[in-house]
Amino acid sequence: MNLENCPRCGRLFAKHFRDVCQACTREIDKEYELCSNYLRENKGSIITELSEATGVSIRQITKFIREGRISLVNAPNLAYPCEVCGTLIRESHICDACRKRLSNDLNKSTYARGNGDDESGSGNSVYQTKGR
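All of the points below concern the structure found in this document. (Residues numbered from 1 in each chain as written. Predicted model: local features only at pLDDT ≥ 70, side-chain atom pairs only at ≥ 80, totals over all residues. Heavy atoms only, no water.)

Right, let's talk about the overall build of the protein chain for a bit. Across its full length, the protein chain carries four helices and four strands. Shown N-terminal to C-terminal, the secondary structure of the protein chain runs as helices and strands in the order β-β-α-α-α-β-β-α. Burial status across the protein chain gives 27% buried among its 132 residues. Look at the contacts in the protein chain between residues 6 or more apart in sequence, and 23% of them connect residues 24 or more apart. Total accessible area on the protein chain stands at roughly 9900 Å², and carbon and sulfur atoms take up 49% of it. (Helix = DSSP H or I, 4+ residues; strand = E, 2+ residues; numbered from the N terminus. Buried < 20%, exposed > 50% of the residue type's maximum accessible area, 1.4 Å probe, protein only. Contact = heavy atoms within 4.5 Å. Areas by Shrake-Rupley, 256 points an atom, 1.4 Å probe, with all protein chains shown as cover.)

Moving on, we come to helix α2 (residues 47-54). Of the positions making up α2, those classed as buried are I47, L50, S51 and T54. Take α2 and look down its axis: the buried residues cluster within an arc of 95°, on one side only. Buried residues in α2 make contact with α1 (22-41), α3 (58-67), β3 (80-81) and β4 (88-89). Two residues or fewer after α2 comes G55, characterised by a positive phi angle close to 80°. (Arc of directions from axis to C-beta.)

Inspection of the secondary structure assignment puts E4 in strand β1 (residues 3-5). For E4 and V20, which are 16 residues apart along the polypeptide, the C-alpha to C-alpha distance reads 9.0 Å. In this structure E4 touches R11, L12, F13 and K15, once residues within four positions along its chain are discounted. Polar side-chain contacts of E4 include one of 3.4 Å to the side chain of N2. (Polar contact = N/O pair within 3.5 Å; in protein donor to acceptor, adjacent residues only side chain to side chain.)

It is the contact of α2 with α3, at a shortest axis distance of 9 Å, that shows an interaxial angle of 115°. Like other packed secondary-structure pairs, α2 and α3 cross with a definite hand, here right-handed. Together, I47, T48, L50 and S51 of α2 and I58, I61 and T62 of α3 make up the contact between the two elements. Looking at side-chain class alone, the contact of α2 with α3 contains four nonpolar, three polar and no charged residues. (Axes fitted to C-alpha atoms, helices over the stretch in contact; angles between N-to-C directions. Left-handed = near helix turned anticlockwise from the far one by under 90°. Nonpolar A, V, L, I, M, F, W, Y, C, P; charged D, E, K, R; others polar.)

Within this structure, the stated rule accounts for seven salt bridges. Notably, a salt bridge pairs R8 with E27, separated by 3.0 Å at the nearest N-O pair. Remark: E27 occurs in helix α1 and R8 occurs in the loop between β1 and β2 (12-14); sequence separation between them is 19 residues. For E27, a relative accessible area of 40% gives the class partly exposed. Among the salt bridges present, the one from D19 reaches K15, with a minimum N-O distance of 3.5 Å. Each member of the salt-bridge network shares a partner with another, and the members are E4, K15 and D19. (Salt bridge = Lys/Arg side-chain N within 4 Å of Asp/Glu carboxyl O.)

So, on to the packing of α1 against α2. Put simply, α1 and α2 touch, their axes get as near as 10 Å, and they point 120° apart. When the axes of α1 and α2 are compared, the pair comes out oblique. As α1 packs across α2, the resulting crossing turns out to be right-handed. Of α2, the residues touching α1 (which contributes L34, C35, Y38 and L39) are E49, L50, A53 and T54. In terms of residue class, the contact of α1 with α2 is made up of six nonpolar, one polar and one charged. (Parallel < 35°, antiparallel > 145°, perpendicular 65-115°, else oblique.)

Here's what the structure looks like:
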């Protein structure tokens, strides 16, 4: 038996299939029901309205969306924050702008390292060639 502290409430619990204790699981299920019922009646809601009306955190609502418990198909205005900049998105973890910036930064870093530039600016690199 694997005993852990619940990350949500701190209580000790036997971790099996859930990452939180039974009491928190019940609370999360109630939060989901609140969100689901609210969205059924208010299909055009945005995430801040949903959070304010139900008392469920934006973080928890985002988790429901990512788990597939809340579908964005019938909620045309519902979106969740990008993990980097907070811009509202409807898919993935980061927005297109952050994804492009991350890709560009990675390409620049790869290019700089490939040209012998290193972080120290010394320009000293070792190149190896395959023997013939």
